[in-house]
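Given next are the chains, with one letter for each unit.
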Amino acid sequence: MSVDAPAPLTTRSGAPAAALWPLDPTVVHLNHGSYGAAPRFTVDHRARLLAEVDANPLRWHLGIGPRRSAARRVVADFVGANPEQLAFVPSASAGTTAAIRSLLRGEVVLTDHAYGALAKHVALETARSGGRLVTAHIPLEAEAGEATAAVLDAVSPATRLLVIDQLSSGTARLFPVEEVTRVARQRGIAVLVDAAHAPGQLVRPAATAADAWVGNLHKWACGPRGSAVTVLGPLVAAQVRPPIESWASDAAYPASFDEQGSADATGYLAAAAGIELLEREIGWERIREYQHRLVRYRPDLIAAALGAATGEDPPVGTRVPPPAVALVALPAGLAGRPEQAGQLRQRIADELGFETQIAAWGGAARLRLSAHAYSTAEHLERFAEIAVPALVRWSHD
């Protein structure tokens, strides 16, 4: 179904929203989902904080507690968590590492949509502990109920930990976290939710009954790289140890995660300030609505262009797509393997000037496009006009 192109998003004062970001204007940025993009205010705010650190390191580190607590309250409200259950971590990987090392006992279940680094870590920890790893296959086109059934069918009486995405990275689909968590916990199974892409894209994503929930702030929440959060339920908070043991190792969670010596906390403070800024300047509800409208326009446009060029009818996305990410199948012969996907992404960037992501999953390559407030319909139209013919040519090379 055709969707009209939305007008570029503006701030509350009427200025272009894209003007808030310091992105290179000679590049078309269609891959917010990989490393995000921080507004100029957030970048500058962090630079001022770093200058403050360097001006008086002792005063900064001894006085960081109240400022970190204030940032914790802002971020907790944003993601829908109790501040007493939220701790800052340098990345989603750090948060999932802490949870896995503490909670993995015996058999663990995860899906074949899991982020590659996380899947690798789960496999390593399972092997080290002498446990058993079970991978649940979820078809890309599965509805929410089918995905729930597939995950729970993989669970056995021996399962002690279930690892599930809230919004998968490579396959861009939402998972039925609430229903899976409800059933798993009834069976005495701990649940870890990898929500790396959720903060900022979903409303209050941490408001879940999962035992551990981990999300990045540098992606859709537009914080600096090196800023993420973990939210632990009361039943496991005493079990999960911080990724680095330090001065607060004997403290209760979340304080046990806070005292990391000279670790850089400026990203956490800047992320919280940036969240508040984007609410004032644009409004998160407006940002999410715009992202959703833009991403609904995008797949039809790109898929139609590919179909016209190849004579094929490329399927678009999944049955349960996230609000601000879309998948489009690519012509056969392009990037079926992970290493080929990376090469294709780089070629699109170097030769055509578009930053995108190519996801290789299930033996097929898919273009993953992700939108934010700075994205426009014109960017997508240019991709359809310039990149699609090139992709078709390259598929015949």
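Rules of the game
- Residues numbered from 1 in each chain as written.
- Predicted model: local features only at pLDDT ≥ 70, side-chain atom pairs only at ≥ 80, totals over all residues.
- Heavy atoms only, no water.
- Helix = DSSP H or I, 4+ residues; strand = E, 2+ residues; numbered from the N terminus.
- Rg over C-alpha atoms; globule rule 2.2 N^0.38 Å.
- Buried < 20%, exposed > 50% of the residue type's maximum accessible area, 1.4 Å probe, protein only.
- Contact = heavy atoms within 4.5 Å.
- Lys, Arg positive; Asp, Glu negative; His and termini not counted.
- Charge placed at Lys NZ, Arg CZ, Asp CG, Glu CD.
- Expected span 1.5 Å × (residues − 1).
- Arc of directions from axis to C-beta.
- Bend = angle between axes of the 7 residues up to and from the residue.
- Salt bridge = Lys/Arg side-chain N within 4 Å of Asp/Glu carboxyl O.
- Axes fitted to C-alpha atoms, helices over the stretch in contact; angles between N-to-C directions.
- Parallel < 35°, antiparallel > 145°, perpendicular 65-115°, else oblique.
- Left-handed = near helix turned anticlockwise from the far one by under 90°.
- Phe/Tyr/Trp six-rings, centres within 6.5 Å; stacked < 30°, edge-to-face > 60°.
- Lys NZ or Arg CZ within 6 Å of the ring centre and 35° of its normal.
- Pairing = 2+ DSSP bridges.
- Right-handed = clockwise from strand over helix to strand, strands pointing away.

Draft legend 1. Region of the structure containing the overall build of the protein. On a plain count of helices and strands, the protein comes out with 13 helices and twelve strands. Here the C-alpha radius of gyration of the protein, 21 Å, is about what a compact globule of 397 residues would show, namely 21 Å. Dimensions of the protein, computed from the C-alpha atoms along their principal axes, are close to 65 × 55 × 35 Å. Within the protein, buried positions represent 55% of all 397 residues. Residue pairs in contact within the protein that sit at least 24 positions apart in sequence constitute 71% of those at least 6 positions apart. Put simply, the protein has 37 plus and 40 minus side-chain charges, and the middle of one group is 4 Å from the middle of the other.

Draft legend 2. Region of the structure containing the environment of Gln-260. Looking at the secondary structure, you find Gln-260 in the loop between helix H9 (255-258) and helix H10 (266-281). Through-space distance from the C-alpha of Gln-260 to that of Leu-352 is 43 Å; in sequence the pair is 92 residues apart. Among residues more than four places away in sequence, those in contact with Gln-260 are Pro-242, Ile-244 and Ser-246.

Draft legend 3. A look at helix H4 (residues 64-79). Taking 1.5 Å of rise per residue, the 16 residues of H4 would be expected to cover 22 Å, and the 22 Å separating its terminal C-alpha atoms lies within 8% of that figure. Where H4 is concerned, the buried positions are Ile-64, Arg-68, Ala-71, Arg-72, Val-75, Ala-76, Phe-78 and Val-79. Mapping the buried residues of H4 onto a view down its axis gives an arc of 150 degrees, with all of them on the same face. Along H4, the residues that are exposed and aim more than 90 degrees away from the buried face are Pro-66 and Asp-77. At the exit of H4 stands Gly-80, carrying a positive phi of roughly 85 degrees.

Draft legend 4. Examining helix H13 (residues 377-395) more closely. Over its 19 residues, H13 runs 26 Å from end to end, which matches the ideal 27 Å to within 8%, given 1.5 Å per residue. The largest bend in H13 is about 35 degrees, located at Ala-387, with the proline Pro-389 one to four residues further on. When H13 is considered as a whole, its buried residues turn out to be Ala-377, His-379, Leu-380, Phe-383, Ala-384, Ala-387, Val-388, Ala-390, Leu-391, Val-392, Trp-394 and Ser-395. Those residues of H13 that are buried lie in contact with strand S1 (28-29), helix H11 (284-310), helix H12 (338-352), strand S10 (354-355) and strand S12 (364-370).

Draft legend 5. Examining the pattern of salt bridges more closely. Per the counting criterion, the structure on display carries 14 salt bridges. Salt-bridge contacts for Arg-68 lead to Asp-258; the nearest nitrogen and oxygen are separated by 3.8 Å. Note that Arg-68 is positioned in helix H4 and Asp-258 in helix H9, a separation of 190 residues in sequence. Neither residue differs from the other here; Arg-68 and Asp-258 are each classed as buried.

Draft legend 6. Focus on the packing of H4 against H10. Following both chains from N to C, one finds H4 and H10 inclined at 45 degrees, their axes separated by 9 Å at the closest point. Comparing the axis directions of H4 and H10 gives the class oblique. Crossing hand, H4 versus H10: left-handed. Residues Ile-64, Arg-67, Arg-68, Ala-71, Val-74, Val-75 and Phe-78 of H4 form the contact with H10, whose participating residues are Tyr-268, Leu-269, Ala-272, Ile-275 and Glu-276.

Draft legend 7. Geometry of the packing of aromatic side chains. Tallied over the full model, the rule gives five aromatic pairs. If you follow Arg-173 out to its NZ or CZ, it ends over the ring of Phe-175, 5.0 Å from the centre.

Draft legend 8. Local environment of the pairing of strand S5 (residues 159-165). Counted residue by residue, S5 has six buried out of seven residues, so it is predominantly covered. Summarising the sheet, strand S3 (residues 107-111) and S5 pair through four bridges and their orientation is parallel. Each residue of the ladder has a partner; that of Leu-110, found in S5, is Val-163. Judged from the five bridges that link them, S5 and strand S6 (residues 190-194) form a sheet pairing that is parallel. By the bridge assignment, Ile-164 is partnered in S6 with Val-193. Regarding topology, helix H8 (residues 177-186) serves as the crossover connection from S5 to the parallel S6, and that connection is right-handed.

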